[in-house]
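Secondary and tertiary structure notes
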Amino acid sequence: MRWVFRIIGVIFVAAAVAVAGILFLPSQRIASIAADQIEARTGRAVTFEGGVSVSVWPVLGAETGPVTLANADWAGKDPMLRAESLSIGVDTRALLTGTVRVTRIVAQSPELMLETRADGLGNWVFGEATPDAAADTAGEGTAPPATLERLELSGARLRYSDAGAAPVALGPLDLVLDWPQGQAAADIQARLAHGGMAIDLTARIAAMEEMLAGKVVPLTASARLGAAALTFEGRASIAGAAAGQIEADSPDTGALMTALGLGKVDLPQGLGRAAQLSAQATYTADGRLALRDLVAVLDQNRITGAADIDLAGKPKVVAELAAGALDLSALGGAGGDSADSGAADGGEGWSTSPIDASALGLADASVTLQADSIDTGVTQLGATRIKLALEQARAVLTLSPATAFGGSLSGQLVANGRKGFSVRGDLKAKGIEMKTLLTDLAGIDRFSGAAEAELAFLGSGASVDAIMRSLSGEGRIDVGRGVISGIDLDKLFRSGAVTGGTTVFDSLTGSYTISGGNLQNDDLKLQLSSFRVDGAGRIGLGARDLDYLVTPVAFESDDSTGLQVPVRVTGSWSSPRIRPDLDAATKARLEEEKDKLEEKAKEALQDKLNLTIEDGQSTEEAIKDRIEDEAAKQLKKLFGNN
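Rules used throughout
- Residues numbered from 1 in each chain as written.
- Predicted model: local features only at pLDDT ≥ 70, side-chain atom pairs only at ≥ 80, totals over all residues.
- Heavy atoms only, no water.
- Helix = DSSP H or I, 4+ residues; strand = E, 2+ residues; numbered from the N terminus.
- Buried < 20%, exposed > 50% of the residue type's maximum accessible area, 1.4 Å probe, protein only.
- Contact = heavy atoms within 4.5 Å.
- Areas by Shrake-Rupley, 256 points an atom, 1.4 Å probe, with all protein chains shown as cover.
- Phe/Tyr/Trp six-rings, centres within 6.5 Å; stacked < 30°, edge-to-face > 60°.
- Lys NZ or Arg CZ within 6 Å of the ring centre and 35° of its normal.
- Core = buried A, V, L, I, M, F, W, Y, C linked by side-chain atoms within 4.5 Å.
- Pairing = 2+ DSSP bridges.
- Polar contact = N/O pair within 3.5 Å; in protein donor to acceptor, adjacent residues only side chain to side chain.
- pLDDT = per-residue confidence, 0-100.
- Salt bridge = Lys/Arg side-chain N within 4 Å of Asp/Glu carboxyl O.

Side note on the overall build of the protein chain
The secondary structure content of the protein chain amounts to ten helices and 33 strands. Within the protein chain, the proportion of its 642 residues that are buried is 36%. Sequence separation of 24 or more characterises 46% of the internal contacts of the protein chain that already satisfy a separation of 6 or more. When the accessible area of the protein chain is evaluated, it comes to approximately 34800 Å², of which 57% is carbon and sulfur surface.

Pasting the structure below:
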């Protein structure tokens, strides 16, 4: 058994010598090798400050004091990376064979300064690696390979600055890069704390060496922030360029935007409170994103098409999109609190809920949309082509044209959120059905007929109620043959009886002005078979009330005495009060009798003076001519001329 103990003793002595060799390896030597390998990889100088000590546990290697990694030449004097300390690990088995190989670098509390210059180049794009840095270590008889198997950043702070833009601070960030010896692929795992939430990132780079050399290589990556997720599968370069398939899922877009520091935005239902997106994407290093074969599911809506997005600074979007049945009913307040304004008409009125127009300022855009139908929440549009131009919180929606109310609608609608909130419209309608229009916009369903119309309006305020009460503008309307249900105007105007029934009219024309939320009309003409109706008065668009006088003008006939009764309509839209206006009737009758008396007096005077009225000459002109002739005759007699 003695020989067994001798063998064990020899092994023990050999192990002791090996451990002693490790412990007495100069720490500055380990740090120098690590620095050389980092510089070989990046082409940037590495500087260690303070002392360097050997560590045995948990990793064999060296620990440094503060360390810096130089920035790109164009990025200024401040270092790209500054850390409180580095822990550098070496491969123990390789060390026993006489080779020093760095396997792990851990940076404590590093600060990373990432920035781009005007041409889009980032300071993280490293130049050509220096020649094999290991040549400088040949004096020790070793040639450590240029290999870094693991990089760890703990508690890192990032500051990103795009060319000409204010820097954005992010962090803390924990990152681990695994690049095992002899393998082409590298894996990255990271967690970035932001907005009280954590963004988890994972990626696999298929050819790490080639990527570091500036080549485009296969890449798969995913990111998750709360319930939101983004995946990418394609190719990318270290400069930031990438192309491939992206898939995104955001169950709560409002929470996502808040977590990303974009502010609290409550998107209407149908515009992406929950959103999914897939596309073939191409991203360039200068911040331009092209999306092709785009499919976006925004709540209940599905949109396809293509888009180009400039992400350098404030996002700018140019897109050509298509949709089937598009449901934007939430924009019109469907199911909302339209009766919460406290109006005097039984609590009914426009919504006083504040309008949040902050979404108008999130991006600039030029988007064209072709849809089979659009439910706006106020009305239902048919096949529609619209263009949205959004610039500096001002949105212009151009209809060219849109199928609406059974006809076509063209023109522009503007929503401006630059200073407060305002809306403006300039619209033209052809062949629209008045019953559909009035039912959708005013809740009035008694009037039907095909119409042509023009409308220009402007309103401002923080709620729908405030906007409607501020409206100003002008317009006109021309309706062909139609029907007024629920009232027999013929019976009303002849006898003053307010009964049900139906009125059929031949035409309706009129123009109007709008001021302070009130529509004023003074030239309404409603043509019926036996008489004409003139209308004048006020329609309260803001207060949703009326004060309107309807005056009939009878056509003389054998069975008509010509006596008609004017009608005044007052009260709320939902419960209007219709009653004969006896004062107006009496005044109209007096005016009629006055006209008749004047006519009889003229006829009597004409007979007495034996006047002859020529074609185109009025009674007043004939009398004047007769008086002038008589005066001339009397003057001739006075001066002796016969």
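A look at the packing of aromatic side chains
If you walk through the whole model with that rule in mind, you get two aromatic pairs. Centre to centre, the rings of Trp 350 and Trp 573 are 6.3 Å apart; their planes meet at 85 degrees, and the pair counts as edge-to-face. Of the two residues, Trp 350 is situated in the loop between strand S19 (316-327) and strand S20 (364-375) and Trp 573 in the loop between strand S32 (567-572) and strand S33 (576-580); the sequence distance between them amounts to 223 residues. Between Arg 544 and the ring centre of Trp 350, over which it is positioned, the NZ or CZ distance is 4.4 Å.

Quick word on the environment of Phe 421
Assignment of secondary structure puts Phe 421 in the loop between strand S23 (407-416) and strand S24 (422-433). When its relative accessible area of 15% is taken as the criterion, Phe 421 is described as buried. Spatially, the C-alpha atom of Phe 421 lies 8.8 Å from that of Gly 459, the residues being 38 residues apart in sequence. Those residues in contact with Phe 421 that sit more than four places away from it in its chain are Ile 355, Ala 357, Leu 360, Ala 415, Asn 416, Ser 460, Gly 461 and Ile 467.

Let's talk about unusual backbone geometry
The phi torsion at Ser 109 lies on the positive side, around 50 degrees, for a residue other than glycine. Taking relative accessible area as the criterion, Ser 109 reaches 31% and is therefore assigned partly exposed. Of note in the backbone geometry, Asp 293 takes a positive phi value of approximately 50 degrees without being a glycine. Structurally, the position occupied by Asp 293 is in strand S17 (residues 288-298).

Comments concerning the nonpolar core
Within the largest apolar cluster, 103 residues are counted, with the highest numbers of intra-cluster contacts made by Leu 291, Phe 447, Val 479, Phe 505 and Leu 508. With five residues, S20 is the largest single contributor of residues to this core. Leaving out residues up to four positions away in the same chain, Leu 508 has contacts with Phe 447, Ile 477, Asp 478, Val 479, Leu 524, Lys 525 and Leu 526.

Brief notes about the pairing of strand S21 (residues 380-391)
Pairing between S20 and S21: nine bridges, direction antiparallel. Within S21, the position partnered with Val 367 by the bridge is Leu 388. Joining the antiparallel neighbours S20 and S21 is a turn of four residues, in which Gly 377 adopts a positive phi near 90 degrees. In terms of strand pairing, S21 meets strand S22 (residues 394-404) through eight bridges, oriented antiparallel. Within S22, the position partnered with Leu 388 by the bridge is Leu 397. The antiparallel pairing of S21 with S22 creates a hairpin that spans two residues between the two strands, and Gln 392 there sits at a positive phi of about 50 degrees.

Some details on the environment of Ser 572
For Ser 572, the location among the structural elements is in strand S32. The exposure class of Ser 572 is buried, given its relative accessible area of 11%. Sequence separation between Ser 572 and Ala 543 is 29 residues; the distance between their C-alpha atoms is 8.2 Å. In this structure the side chain of Ser 572 is engaged in a polar contact, spanning 3.3 Å, whose partner is the side chain of Ser 574. Among the polar contacts made by the side chain of Ser 572, one reaches the main-chain amide nitrogen of Ser 575 at a distance of 3.0 Å.

Describing the confidence of the model for the protein chain
Confidence in the prediction of the protein chain, expressed as mean pLDDT, is 77, and 71% of residues score 70 or more. Note on residues 1-24: pLDDT is under 50 here. Beyond four places in sequence and across chains, it has six contacts. Below a pLDDT of 50 lies the segment residues 334-347, which in the model reaches 24 contacts outside its immediate sequence neighbourhood of four places, other chains included.

Observations regarding the pairing of strand S30 (residues 531-540)
Where strand S29 (residues 518-527) lies against S30, eight bridges are found, and the strand directions are antiparallel. Each bridged residue has a counterpart across the sheet, and for Leu 526 the counterpart in S30 is Val 533. Counted between consecutive antiparallel strands, the loop separating S29 from S30 contains three residues.

Details of the pattern of salt bridges
Inspection of every chain in the model, using the stated rule, returns 15 salt bridges. Glu 152 is the salt-bridge partner of Arg 150, the closest N and O atoms lying 2.7 Å from each other. Residue classification places Glu 152 among the buried residues on the basis of a relative accessible area of 15%. Residue Arg 204 pairs with Asp 187 through a salt bridge whose shortest N-O separation is 2.8 Å. With Arg 204 in strand S12 (residues 197-205) and Asp 187 in strand S11 (residues 186-194), the pair connects residues that are 17 residues apart, well separated along the chain.

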